[in-house]
Amino acid sequence: MKRSINKILATGLILATGILACEDKLDVLDGNNPTTESYFTNAVELQNGVNAIYSTLRSGSMVAREYFFLHDMRGAEAASGGPQLEAPRAELLEQTNGAPSNSVLGNVWNGCYQMINRANLVISKAPGVTDNTTLRDQLVGEAKLLRAWAYFELVSQWGEVPLYTEPINSPSDYKGKSPVADIYNLIYTDLTEAAQKLPAVPAQPGRVTSGTANAIMGKAKLQQADYAGAKEAFLKVVNSGRYSLVPFLHNFDGDVISNSNKVADGHEFNAESIFEVAFTDKGDNNFNWGYNGEGISQPVSTVRNQDYGMTWGNVIPSNLLLSQFEANDPRYKFTIYELGDRILTFEGTRPGRQLTDADLNVAQSTRNGVRLKRIFRKYSIYDWDDNGFHPGGINHRLIRYADVLLLLAECEAELGNFGAAAGYINQVRSRPGVNMPAVTAANKEQAIRAVMRERMVELAIESLNNIDILRWRKKGYYPSIMPDPRPGQQDLLPIPAAEIAANPLLR
């Protein structure tokens with residue numbers, strides 16, 4: 001099932017240790033240790049450079065671990081599972097901001113800039129590649145999209161940050177902060193060009209497409225309150241005819257190996273997926289704690305199922321999240337396990353067993369006055385395996401079609417089209433296997449309130465609530481529509497201390 005970017009990375013990845021750190025020896029070119037000057041002479045080599053960007057994206061410093069902690073700890077959908085939650089993550093969850101020394105911030109900051117530098121290298125070398133211009137142009141589109149995504153992460157969380165558009169060739173190639181408007185202008189330019197260069201159908205599962213570019217464009221414009229521009233971009237996704245809603249749980253399953261046997265394949269790269277990061281259950285219970293995504297000669301796993309499940313129990317559902325689910329919404333059980341629920345059912349084909357108090361080494365949470373131990377079911381593997389430590393292979397969907405529909409609903413609400421807003425919300429509520437009653441909205445407050453609730457229950461713990469909160473807080477919807485779920489929280493993160501120490505232009 002994982003005929004994806006994983007396979008390319010395992011066979012053709014050219015990494016910083018080989019390209020960026022090597023030196024000429026007696027002015028004789030060593031074919032086994034190419035330099036940035038001698039490499040990137042053809043489309044295959046350029047593709048290896050793009051693969052290195054994806055490698056960083058799925059590393060432990062990014063989507064395999066620290067990325068989801070950065071966003072989910074700054075959102076309102078998670079609570080601490082207990083004292084086992086590590087201090088840097090607890091700080092983001094429980095304090096108004098992270099300290100400059102916070103390791104989660106440092107890892108994501110470094111991961112984003114590593115993606116950017118690798119993208120800049122590919123883009124700078126592309127004009128010299130002439131053997132396959134069609135592939136070259138597609139690869140430039142991928143590099144520009146991934147650079148734009150990384151800059152959107154940085155500008156939305158940190159605000160003014162250094163803006164690099166050329167590869168860094170010297171430790172002294174520092175830049176100071178750039179205005180937020182300049183960063184967004186580069187994001188818009190990159191995404192416009194990427195949408196033109198990229199195919200609608202991915203060249204290979206796991207690679208980005210024109211649909212990915214348009215979805216990120218919509219998100220960036222929405223964050224800047226350009227509702228007409230965001231709507232235009234999101235409608236390109238909808239009108240492409242490429243995407244549709246699938247059964248809810250098909251977005252959160254994947255390949256699972258238990259006792260050396262593959263017991264699940266999942267439904268990855270399905271019709272709802274717009275931007276998906278590939279992981280693989282390697283069956284060896286190993287995780288790349290190196291956090292750099294480099295030098296890997298095998299597929300990569302994630303520990304999200306460990307952190308948010310019962311194995312480590314670092315994170316549990318917040319009481320606020322639990323309160324947002326309507327009484328008969330099946331997404332509650334699709335999203336959350338609680339004491340007494342059944343696991344190991346193999347998608348309902350086996351009786352399985354009940355979760356016991358001894359299984360759940362986590363704090364209790366409260367829903368409708370009932371205190372129980374609860375964990376997240378999304379991205380867990382407990383329907384197929386409960387053998388303790390087990391890094392997972394379930395892909396992370398960074399953007400799915402339901403997300404786009406609900407953001408379109410928000411655009412329509414902001415533009416005064418309340419019926420259209422309800423219509424997009426109801427598409428999601430009537431998705432296969434959910435079939436919740438339709439909502440109505442007669443005014444802006446009703447429409448925005450419906451968007452807020454639906455995004456929380458549909459997209460719970462998908463690392464999206466943080467940026468939603470930042471957008472809605474800026475609009476004044478806290479407290480005009482509902483209380484601020486993170487009162488006193490500072491909107492922008494501090495630049496990591498190590499970056500300030502290294503870069504004299506940031507002091």
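Please refer to the structure placed before this passage.
Quick caveat: nothing in here was measured; it's all calculated off a predicted structure.

Q: Break down helix α4 (residues 66–74) for me, citing the residues and quoting the values.
A: Burial runs high along α4: nine of the nine residues are buried. Looking only at α4, the buried set comprises Glu66, Tyr67, Phe68, Phe69, Leu70, His71, Asp72, Met73 and Arg74.

Q: Would you mind going over the packing of helix α7 (residues 133–158) against helix α17 (residues 465–475) in detail, with residue names and values included?
A: Running from amino to carboxyl end, α7 crosses α17 at an angle of 50°, the nearest separation of the two axes being 11 Å. On the basis of the axis angle, α7 is oblique to α17. In this structure, α7 meets α17 at a crossing whose hand is left-handed. Only Asn466, Ile467 and Leu470 of α17 make contact with α7, whose side of the interface consists of Phe152, Ser156 and Gln157. Residue composition of the contact of α7 with α17, grouped by class: three nonpolar, three polar and no charged.

Q: Outline the layout of surface pockets, supporting the account with residue identities and numerical values.
A: Taken as a whole, the largest pocket encloses approximately 480 Å³ of empty space. Looking at the largest pocket, it is lined by 19 residues, and the ones nearest its centre are Asn110, Tyr113, Gln114, Ile168 and Glu499. Mapped onto the lining of the largest pocket, the elements with two or more residues apiece are α6 (103–125) and α19 (497–502). Broken down by element, the lining of the largest pocket gets its largest block of residues, seven residues, from α6. Among the residues making up the lining of the largest pocket, the classes are represented as eight nonpolar, nine polar and two charged.

Q: Would you mind going over the sheet that holds strand β11 (residues 364–367) in detail, with residue names and values included?
A: Strand order across the open sheet formed by three strands is β8-β12-β11, with antiparallel pairing between neighbours. Two strands close off the open sheet at either side, each with one partner strand: β8 (336–338) and β11. Going across the sheet, the axis of each strand differs from the next one's by a mean of 60°, ignoring polarity. As paired elements, β8 and strand β12 (residues 370–376) share three bridges and run antiparallel to each other.

Q: I'd like to hear about the packing of helix α3 (residues 43–57) against α7, residue by residue, with values.
A: Running from amino to carboxyl end, α3 crosses α7 at an angle of 20°, the nearest separation of the two axes being 10 Å. Here α3 is positioned roughly parallel relative to α7, judged by the angle of their axes. As α3 packs across α7, the resulting crossing turns out to be left-handed. Together, Ala43, Leu46, Gln47, Val50, Ile53, Tyr54 and Leu57 of α3 and Leu135, Arg136, Leu139, Glu142, Ala143, Leu146 and Trp149 of α7 make up the contact between the two elements.

Q: Which residues make up helix α9 (residues 210–223), and what values go with them?
A: The first and last C-alpha atoms of α9 sit 20 Å apart over 14 residues, in line with the 20 Å expected at 1.5 Å per residue. Count one or two residues on from α9 and you reach alanine 225, which has phi positive near 65°.

Q: I'd like a rundown of the side chain of aspartate 341, residues and numbers included.
A: Note on placement: aspartate 341 falls in the loop between β8 and β9 (342–343). For aspartate 341, a relative accessible area of 14% corresponds to the buried category. Within the structure, aspartate 341 has its side chain in polar contact with the backbone nitrogen of glutamate 338 (distance 2.9 Å). Each residue touching aspartate 341, except ones within four places of it in the same chain, is listed here: Lys333, Ile336, Arg353, Gln354 and Leu355.

Q: Let's hear about the pairing of strand β5 (residues 261–264): which residues, and what values?
A: As paired elements, strand β4 (residues 256–258) and β5 share three bridges and run antiparallel to each other. Note on β5: the bridge partner recorded for isoleucine 257 is lysine 262. Counting the residues in the hairpin turn of β4 and β5 gives two residues, including asparagine 259, whose phi is positive at 55°.

Q: Give me the packing of aromatic side chains: which residues, what numbers.
A: Inspection of every chain in the model, using the stated rule, returns 22 aromatic pairs. Taken together, a centroid distance of 5.3 Å and an interplanar angle of 80° make the contact between phenylalanine 68 and tyrosine 308 edge-to-face. Here phenylalanine 68 is found in helix α4, whereas its partner tyrosine 308 is found in the loop between α11 (304–307) and β7 (315–317), with 240 residues between them in sequence. On the basis of relative accessible area, tyrosine 308 is assigned to the buried category, the value being 2%. Geometrically, the ring pair formed by phenylalanine 248 and phenylalanine 252 is tilted, given 5.3 Å between the ring centres and 55° between the ring planes. For the pair shown, phenylalanine 248 and phenylalanine 252 are each scored as buried. Positioned over the ring face of tyrosine 188 is lysine 221, at 4.1 Å from the centre of the ring. The ring centre of tyrosine 332 lies 3.8 Å from the NZ or CZ of arginine 367, which sits over that ring.

Q: Describe unusual backbone geometry, listing the residues and the values that go with them.
A: Of the consecutive residues tyrosine 478 and proline 479, the connecting peptide bond is found in the cis state with omega at 10°. Checked against the element boundaries, proline 479 lands in helix α18 (residues 477–480). Positive phi values are uncommon outside glycine, yet phenylalanine 40 reaches one of about 60°. Locating phenylalanine 40 in the fold gives a position in the loop between α2 (16–19) and α3. On the accessibility criterion, phenylalanine 40 (4% relative accessible area) is buried. Even without being glycine, phenylalanine 269 reaches a positive phi, approximately 55°.

Reading the values: rules and limits
- Residues numbered from 1 in each chain as written.
- Predicted model: local features only at pLDDT ≥ 70, side-chain atom pairs only at ≥ 80, totals over all residues.
- Heavy atoms only, no water.
- Buried < 20%, exposed > 50% of the residue type's maximum accessible area, 1.4 Å probe, protein only.
- Helix = DSSP H or I, 4+ residues; strand = E, 2+ residues; numbered from the N terminus.
- Axes fitted to C-alpha atoms, helices over the stretch in contact; angles between N-to-C directions.
- Parallel < 35°, antiparallel > 145°, perpendicular 65-115°, else oblique.
- Left-handed = near helix turned anticlockwise from the far one by under 90°.
- Contact = heavy atoms within 4.5 Å.
- Nonpolar A, V, L, I, M, F, W, Y, C, P; charged D, E, K, R; others polar.
- 1 Å grid on protein atoms, 1.4 Å probe; cavity = no way out; pocket = protein on both sides within 12 Å on 5 of 7 lines; lining within 4 Å.
- Points joined across faces, edges and corners; volume = space filled by probe spheres on them.
- Pairing = 2+ DSSP bridges.
- Expected span 1.5 Å × (residues − 1).
- Polar contact = N/O pair within 3.5 Å; in protein donor to acceptor, adjacent residues only side chain to side chain.
- Phe/Tyr/Trp six-rings, centres within 6.5 Å; stacked < 30°, edge-to-face > 60°.
- Lys NZ or Arg CZ within 6 Å of the ring centre and 35° of its normal.

Purely geometric stuff here, so don't read any function into it on its own.
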